[in-house]
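Here are the chains, one letter per residue:
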Amino acid sequence: MASETETAVRRETGTVDWTSAVLAGVGAGIAMGLLIQFVMGIMPVIGALYGVESLAAGWIAHLLHSVAFALVFAAVVSRPPLSKYAESTASVTGLGLAYGVVLWLVAAAIVMPIWMGLVGLPSPGVPNVNPQSLVGHLVYGVLLGGLYAALSR
């Protein structure tokens, strides 16, 4: 755990706690993945984006996406001007919620349906504004922000 002084210096200098970002990404990704698998029933489709339509491939791809997006989140919230809003767990959780909405709008509503079409999968069309997907991305964002804030302190 970082001391208060270390945390303040980290924020001032824009240093990112990469380990906390990875762990937060995995935790948030698991929660969202459970929704993708059991509520939406499309986890194998995530794997099919890479040519392997299976539950295991879907989980691997999803968790890799979760960690990659978590690293981007940590880099963004650790830099000015957002770093000044990252003083509390609640603020970082709120930034995570907003990030979840952005991911839903860009990655799920636009990129994924295009990608599906490019690899020969049936595509829901662009934009794909699926409310279940929005809920999943909100869960991911809230948990990502909250876990990142808690782990990096």
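Residues numbered from 1 in each chain as written. Predicted model: local features only at pLDDT ≥ 70, side-chain atom pairs only at ≥ 80, totals over all residues. Heavy atoms only, no water.

A. Fine view of helix α4 (residues 55-77). For α4, with 23 residues, the first-to-last C-alpha span of 32 Å sits near the 33 Å given by 1.5 Å per residue. The inward-facing, buried residues of α4 contact α2 (18-40), α3 (43-48), α5 (89-118) and α6 (131-151). (Helix = DSSP H or I, 4+ residues; strand = E, 2+ residues; numbered from the N terminus. Expected span 1.5 Å × (residues − 1). Contact = heavy atoms within 4.5 Å.)

B. Examining the side chain of S20 more closely. If you trace the backbone, S20 turns up in helix α2. S20 gets classed as buried once you look at its relative accessible area, which sits at 5%. Here L151 takes part through its backbone oxygen, which lies 3.2 Å from a polar atom of the side chain of S20. (Buried < 20%, exposed > 50% of the residue type's maximum accessible area, 1.4 Å probe, protein only. Polar contact = N/O pair within 3.5 Å; in protein donor to acceptor, adjacent residues only side chain to side chain.)

C. Region of interest: the environment of T15. Of note, T15 is situated in the loop between α1 (4-13) and α2. Each C-alpha atom, one on T15 and one on R79, is 7.9 Å from the other, the two residues being 64 residues apart in sequence.

D. Structural context of the packing of α4 against α6. In the contact formed by α4 and α6, the axes pass within 11 Å of each other and the chain directions differ by 55°. Considering their axes alone, α4 and α6 lie oblique with respect to each other. Note on packing geometry: the crossing formed by α4 with α6 is right-handed. Side by side, α4 and α6 meet where S66, F69, A70, F73, A74 and V77 of the first sit next to Y140, L144, G145 and Y148 of the second. Along the lines of polarity and charge, the residues of the contact of α4 with α6 split into eight nonpolar, two polar and no charged. (Axes fitted to C-alpha atoms, helices over the stretch in contact; angles between N-to-C directions. Parallel < 35°, antiparallel > 145°, perpendicular 65-115°, else oblique. Left-handed = near helix turned anticlockwise from the far one by under 90°. Nonpolar A, V, L, I, M, F, W, Y, C, P; charged D, E, K, R; others polar.)

E. Inspection of the nonpolar core at higher detail. Counting residues in each nonpolar core, the largest one holds 29 residues, and the members touching the most others are F73, V92, Y140, L144 and Y148. For this core, the elements supplying multiple residues, two or more each, are α2, α3, α4, α5 and α6. In this structure, L144 is in contact with A24, G25, A28, A70, F73 and Y99, ignoring residues within four places of it in sequence. (Core = buried A, V, L, I, M, F, W, Y, C linked by side-chain atoms within 4.5 Å.)

F. Spotlight on the environment of A21. Summarising the element assignment, A21 is placed in helix α2. Owing to a relative accessible area of 1%, A21 belongs among the buried residues under this scheme. Remark: the alpha-carbon pair of A21 and F69, spanning 48 residues in sequence, is separated by 9.2 Å. Filtering out sequence-adjacent residues up to four positions away, A21 remains in contact with A70, L71, A74 and Y148.

G. A look at α6. Here α6 spans 30 Å end to end across 21 residues, near enough to the 30 Å set by a 1.5 Å rise per residue. Residues of α6 that are buried include every one of S133, G136, H137, Y140, G141, L144, G145, G146, Y148 and A149, and no others. Where the residues of α6 are buried, they touch α2, α4 and α5. In this structure N130 caps α6, since a side-chain oxygen of it lies 2.7 Å from the backbone nitrogen of Q132.

H. Geometry of the confidence of the model for the protein chain. Summarising the model, the protein chain shows a mean pLDDT of 92, and 91% of its residues fall at 70 or more. Within the protein chain, no element has a lower average pLDDT than α1, which sits at 48, and none a higher one than α2, at 98. (pLDDT = per-residue confidence, 0-100.)

I. Quick peek at the packing of aromatic side chains. By the definition in use, this model includes three aromatic pairs. Ring centres of F73 and Y99 lie 5.2 Å apart, and the angle between their planes is 45°; on these two criteria the pair is classed as tilted. With F73 in helix α4 and Y99 in helix α5, this pair connects stretches of sequence that are 26 residues apart. F73 gets classed as buried once you look at its relative accessible area, which sits at 2%. Aromatic side chains F73 and Y148 sit 6.3 Å apart centroid to centroid with 85° between the ring planes, which places their arrangement in the edge-to-face category. Of this pair, F73 sits in helix α4 while Y148 sits in helix α6, placing them 75 residues apart in sequence. This pair shows no difference in class: F73 is buried, exactly as Y148 is. Pairwise contacts between aromatic rings join F73, Y99 and Y148 into one cluster. (Phe/Tyr/Trp six-rings, centres within 6.5 Å; stacked < 30°, edge-to-face > 60°.)

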